[in-house]
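The primary structure of each chain is shown beneath.
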Amino acid sequence: MFGAGAMTNSIPEIRDTELMFVIGSNTTEAHPIIAMEMKVARQRGAKLIVADPRKIWLAEHADIHLQLTPGTDVFLLNAMAKVIVDEGLVDRDFIDKHTEGWPALRDNLAKFTLEEAERVTGCKAEDIKQAAIWYAQYKRAGIYYTLGITEHTHGTDNVYSLANLVLMTGHLGVRSAGMNPLRGQNNVQGANDAGCSPVFYPGYQKCDDESVRKKFGEAWGIGEGPGPGKNLNEMMKLVEHGEMQALYIMGEDIVISEPNCNVLEESLKTIEFLVCQDIFPNMTTPFAHVILPGASFAEKDGVFTNSDRRVQRVRKGVNPPGNALPDWEILIDFAKAVGYDMPQYQHPGEIYAELARLSPNFSGISYERLEEYPRGLQWPCKSADDPGSDYLHKGGPVIGKGQFQSVEYRPSAELPDDGYPLILSTGRVLYQYNSATQTRRDAGTNAKAGENFVEVHPDDAEKYGIMDGETVRIVSRRGGIKAKVWLSGRVQKGCVWMPMHFAEEAANRLTNDAGDIVTGTGEYKVCAVDLVPLREKKKAHGGAELQAVRHPEH
Ligand SMILES: Nc1nc2c(c(=O)[nH]1)N[C@H]1C(S)=C(S)[C@@H](COP(=O)(O)OP(=O)(O)OC[C@H]3O[C@@H](n4cnc5c(=O)[nH]c(N)nc54)[C@H](O)[C@@H]3O)O[C@H]1N2
Ligand SMILES: Nc1nc2c(c(=O)[nH]1)N[C@H]1C(S)=C(S)[C@@H](COP(=O)(O)OP(=O)(O)OC[C@H]3O[C@@H](n4cnc5c(=O)[nH]c(N)nc54)[C@H](O)[C@@H]3O)O[C@H]1N2
Ligand SMILES: [Mo]
């Protein structure tokens, strides 16, 4: 909608903001460094609005906590947009000069009344109204969002709705404002920048553009480059249907991290050829025909690009163990082995030089220049004397005109019912990292967060007759796992929450693999579950076993 896929603003700008709207981001646990900047901003008097179904740390410290029902963000955000129109707080000048599609959006907002919003989201109408007014009134007002927004079947609609708010209030191209998706994995921004995407060549140049395909095909000596490929969700569906013969997985533990992983695990048993390139054995490597040992971040040279488009040098600290190699060296050997004569790069700096040569946004960045910029260079950086860009869209969206997008509210794919009366949402804790392939090897993090748990609201616990610390079985239409109950006021009534990190009782045995219609991202944040209390029952010959005491049908 603006023409660039990254944080519009920079992390150091956060401390100078006047208002933070944090939605679907447990920033203190998942992005603690960014959260420190938010805490500084708060100490300096910035307003804080948090929209999250759980009472996360930031919510406890917010001026307004919009504790919405999971999956109802589209309604919340469009109701906020309507308030901004009704209160006469839109930035007419910005809309006229820098956007397209305003009349259609404005008309579409009519149905998102505060009364309906209160009913659908469970948030108080007056809170929604106040949040909207503050967001529009403050000039340096920034939106920060992550998976609570994107990991839904309507994730793209959520993002559209947020971007509409930014455009209608003109909070774009302004220091300490903008729209800021916080990237999850180290260098996930850099991977996308470099073209690790089914729809983009390096530098976000589109695969469906013939001139782009020609340009890269020529540079790589392969005639015309290929068009768009399949996204992760589409590939997993092909694997399930036995239509994928081979998979080459680099740095991903799909058996833990993909939704509805029971089905995936079964189909991996039958895939003809599976390569895993990883720094550790993980839950997926047992299915592999070939394992290629990669070198870790500390064992190789290169650059990482963080969430605010900042390209920084990293330098090898220790040698890789055994026959492990940096990923780029493995890829060159692989290319050679399958008959492609890839240039014999001697150093990742040479690969970066090629990226910069072919991608205008990075053309001013080189390893030599990065020596002079210990804090990195932020793209767009278009020439050797360009100091890089702290915030984007100065003087108007880079796309030319910002594109408003009208959306309709669609509930989540699977809603609670009599059989599965609770909403399960999944996510992260501070002390474990994603599939936990890395962090569970460490005694310190395991001492802090070493076992699976499920947060349950005390009222629901009473209904089920379960107590704090008791082990329960959690069941969905796709599978069942065990976890220890944490009675917690963090979750709202009717909702339970658990982390995704624990392979032995993996949350993704429960989650729904329905995907967003545009991106394919799985609905990790909403599925329907039931709890089955387990009680210890003495066995006849000593020992004890856990047994279900209710709902024997599960
Ligand atoms: N310690 C640690 N840090 C990490 C990671 C890790 O595993 N551990 N992983 C990294 C990765 S890859 C990523 S992508 C990021 C993710 O960072 P986050 O997205 O902050 O992490 P999550 O725990 O998935 O939680 C998202 C938040 O969304 C809320 N939420 C759930 N459903 C909804 C909804 O329907 N609407 C709204 N508005 N909110 C909702 C949840 O309650 C939660 O507070 O973290 C990164 N940082
Ligand atoms: N239920 C549920 N599931 C989720 C989510 C959720 O919120 N809920 N979030 C989703 C999200 S946002 C993400 S990003 C995924 C993350 O899921 P994954 O990407 O599968 O998990 P990670 O633990 O980040 O890393 C995967 C592997 O990378 C390896 N690795 C680390 N460094 C290197 C390296 O330098 N080279 C190579 N070759 N390998 C390396 C690690 O050893 C590990 O095995 O999970 C998704 N799954
Ligand atoms: Mo992520």
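Details of the structure are given in the entry above.
A quick note: this is a predicted structure, and the numbers were derived from the prediction, not measured.

Enquirer: Honestly, the overall build of the chain in this entry has me stumped. Any pointers?
Expert: For the chain, the count of helices and strands is 20 helices and 24 strands. At 24 Å, the chain has a C-alpha radius of gyration in line with the 24 Å of a compact globule built from 554 residues. Taking the principal axes of its C-alpha atoms as reference, the chain extends roughly 75 × 65 × 45 Å. Sorting the 554 residues of the chain into buried and exposed places 52% on the buried side. Considering only contacts in the chain between residues 6 or more positions apart, those separated by 24 or more positions represent 69%. Carbon and sulfur atoms make up 53% of the accessible area of the chain, which totals about 24500 Å². On the chain, the mean spot of the 59 positive side-chain charges and the mean spot of the 75 negative ones are 3 Å from each other.

Enquirer: Sorry if this is basic, but what is going on with the pairing of strand S5 (residues 141–145) here?
Expert: Most of S5 sits out of view: 5 of its 5 residues are buried. Of the two faces of S5, the one lined by Ala 141, Ile 143 and Tyr 145 and the one lined by Gly 142 and Tyr 144 are each fully buried. Taken together, the 5 bridges between strand S1 (residues 19–23) and S5 define a ladder with parallel strand orientation. The residue bridging Met 20 from the neighbouring strand is Gly 142, located in S5. Examined bridge by bridge, S5 and strand S6 (residues 179–181) share 3 bridges and lie parallel to one another. Considered in S6, the bridge of Tyr 145 is made with Pro 181.

Enquirer: What is the right way to look at the environment of Arg 183 in this model?
Expert: Mapped onto the elements, Arg 183 comes out in the loop between S6 and helix H11 (188–193). With 36 residues separating them in the primary sequence, Arg 183 and Leu 147 have C-alpha atoms 9.7 Å apart. Within polar-contact distance, the side chain of Arg 183 engages the side chain of Gln 189 at 2.7 Å.

Enquirer: Before we go on, may I ask you to explain the site of ligand 1 in this structure?
Expert: In the vicinity of ligand 1 lie 32 residues, with Ala 30, Asp 52, Asp 73, Gln 432 and Asn 434 positioned nearest. Contacts to ligand 1 include Lys 525, whose side-chain N or O atom sits 2.7 Å from an oxygen atom. For ligand 1, whose unbound accessible area comes to 920 Å², protein coverage reaches 95%. Listing elements by their share of the shell around ligand 1, those giving two or more residues are helix H1 (27–30), helix H9 (147–150) and strand S16 (422–427). Along the lines of polarity and charge, the residues of the shell around ligand 1 split into 11 nonpolar, 15 polar and 6 charged. A domain-level breakdown of the shell around ligand 1 finds at least three residues from each of domain 1 (11–182) and domain 3 (422–548).

Enquirer: When you look at the packing of aromatic side chains in this model, what are you seeing that I'm missing?
Expert: Aromatic ring pairs: the centre-centre distance and the angle between the two ring planes describe each pair. Per the stated rule, a full pass over the model turns up 14 aromatic pairs. Plain terms: the ring middles of Phe 21 and Tyr 135 are 6.2 Å apart, the flat faces sit at 55° to each other, and that makes the pair tilted. With Phe 21 in strand S1 and Tyr 135 in helix H8 (residues 125–137), the pair connects residues that are 114 residues apart, well separated along the chain. Judged by centre distance (6.1 Å) and plane angle (45°), the rings of Tyr 352 and Tyr 367 are tilted. Remark: Tyr 367 occurs in helix H18 (residues 367–372) and Tyr 352 occurs in helix H17 (residues 348–358); sequence separation between them is 15 residues. There is no split in this pair, since Tyr 352 and Tyr 367 are both buried.

Enquirer: Please clarify how the packing of helix H7 (residues 114–121) against H8 should be interpreted in this entry.
Expert: Axes are the key here: two packed helices are described by the angle between their axes and the distance separating the axes. Taken N-terminus to C-terminus, the directions of H7 and H8 make an angle of 115°; their axes are 9 Å apart at the nearest point. The orientation of H7 with respect to H8, classified from their angle, is roughly perpendicular. The two elements H7 and H8 cross, and the hand of that crossing is right-handed. Here Leu 114, Ala 117, Glu 118 and Thr 121 of H7 come into contact with H8, specifically with Ala 125, Ile 128 and Lys 129. Considering only residue class, the contact of H7 with H8 consists of 4 nonpolar, 1 polar and 2 charged.

Enquirer: How should empty space enclosed by the protein be read in this particular structure?
Expert: The gaps of empty space that remain are located by a probe, the size of a water molecule, rolled over the atoms. Applying the stated rule across the entire model yields 2 cavities of 30 Å³ or more. One number sums up the size of the largest cavity: a volume of about 50 Å³. Along the walls of the largest cavity sit Asn 233, Met 236, Lys 237, Glu 240, Glu 258, Pro 259, Leu 264 and Asp 513, which together make up its complete lining. By volume, the second largest cavity amounts to about 30 Å³. In this structure, the second largest cavity is lined by Met 7, Asn 9, Ser 10, Glu 13, Ile 14, Tyr 144, Ser 176, Ala 177 and Asn 180. By residue class, the composition of the lining of the second largest cavity is 4 nonpolar, 4 polar and 1 charged.

Enquirer: Quick question: what am I supposed to make of the sheet that holds strand S11 (residues 290–293) here?
Expert: Note on sheets: strands pair through backbone hydrogen bonds, and any given pair is parallel or antiparallel. Pairing within the open sheet is parallel, and its 3 strands lie in the order S9-S10-S11. Two strands bound the open sheet, and with one partner strand each, they are strand S9 (246–250) and S11. Strand-to-strand twist across the sheet, computed as the mean angle between neighbouring axes with direction ignored, equals 10°. By the bridge criterion, 4 bridges tie strand S10 (residues 273–278) to S11 in an arrangement that is parallel. Directly across from Gln 277, in S11, lies its bridge partner Leu 292. Each of S9, S10 and S11 touches helix H16 (residues 327–337); the most contacted strand, S9, lies at about 155° to it.

Enquirer: Help me out: how do you make sense of H16 in this one?
Expert: Since the α-helix advances by 3.6 residues per turn, residues separated by three or four positions end up pointing in the same direction. Among the residues of H16, Trp 328, Ile 330, Ile 332 and Ala 335 are the ones counted as buried. Where H16 is buried, its residues contact S9, S10, S11 and H17.

Enquirer: Just checking my understanding: could you explain the environment of Arg 509 for this structure?
Expert: Its location among the elements puts Arg 509 in the loop between strand S20 (495–499) and strand S21 (512–515). Taking the relative accessible area as the measure of exposure, Arg 509 reaches 16% and is therefore buried. Along the primary structure Arg 509 and Cys 495 are separated by 14 residues, whereas in three dimensions their C-alpha atoms are 18 Å apart. Dropping the residues within four chain positions of it, Arg 509 is found in contact with Cys 261, Asn 262, Glu 265, Ser 476, Arg 478, Gly 479 and Ile 481.

Basis of the calculations
Residues numbered from 1 in each chain as written. Chains lettered and ligands numbered in written order. Predicted model: local features only at pLDDT ≥ 70, side-chain atom pairs only at ≥ 80, totals over all residues. Heavy atoms only, no water. Helix = DSSP H or I, 4+ residues; strand = E, 2+ residues; numbered from the N terminus. Rg over C-alpha atoms; globule rule 2.2 N^0.38 Å. Buried < 20%, exposed > 50% of the residue type's maximum accessible area, 1.4 Å probe, protein only. Contact = heavy atoms within 4.5 Å. Areas by Shrake-Rupley, 256 points an atom, 1.4 Å probe, with all protein chains shown as cover. Lys, Arg positive; Asp, Glu negative; His and termini not counted. Charge placed at Lys NZ, Arg CZ, Asp CG, Glu CD. Pairing = 2+ DSSP bridges. Polar contact = N/O pair within 3.5 Å; in protein donor to acceptor, adjacent residues only side chain to side chain. Near = heavy atom within 4 Å. Nonpolar A, V, L, I, M, F, W, Y, C, P; charged D, E, K, R; others polar. Domains from an automatic or database assignment. Phe/Tyr/Trp six-rings, centres within 6.5 Å; stacked < 30°, edge-to-face > 60°. Axes fitted to C-alpha atoms, helices over the stretch in contact; angles between N-to-C directions. Parallel < 35°, antiparallel > 145°, perpendicular 65-115°, else oblique. Left-handed = near helix turned anticlockwise from the far one by under 90°. 1 Å grid on protein atoms, 1.4 Å probe; cavity = no way out; pocket = protein on both sides within 12 Å on 5 of 7 lines; lining within 4 Å. Points joined across faces, edges and corners; volume = space filled by probe spheres on them.

Any link to function would need more than the numbers given here.
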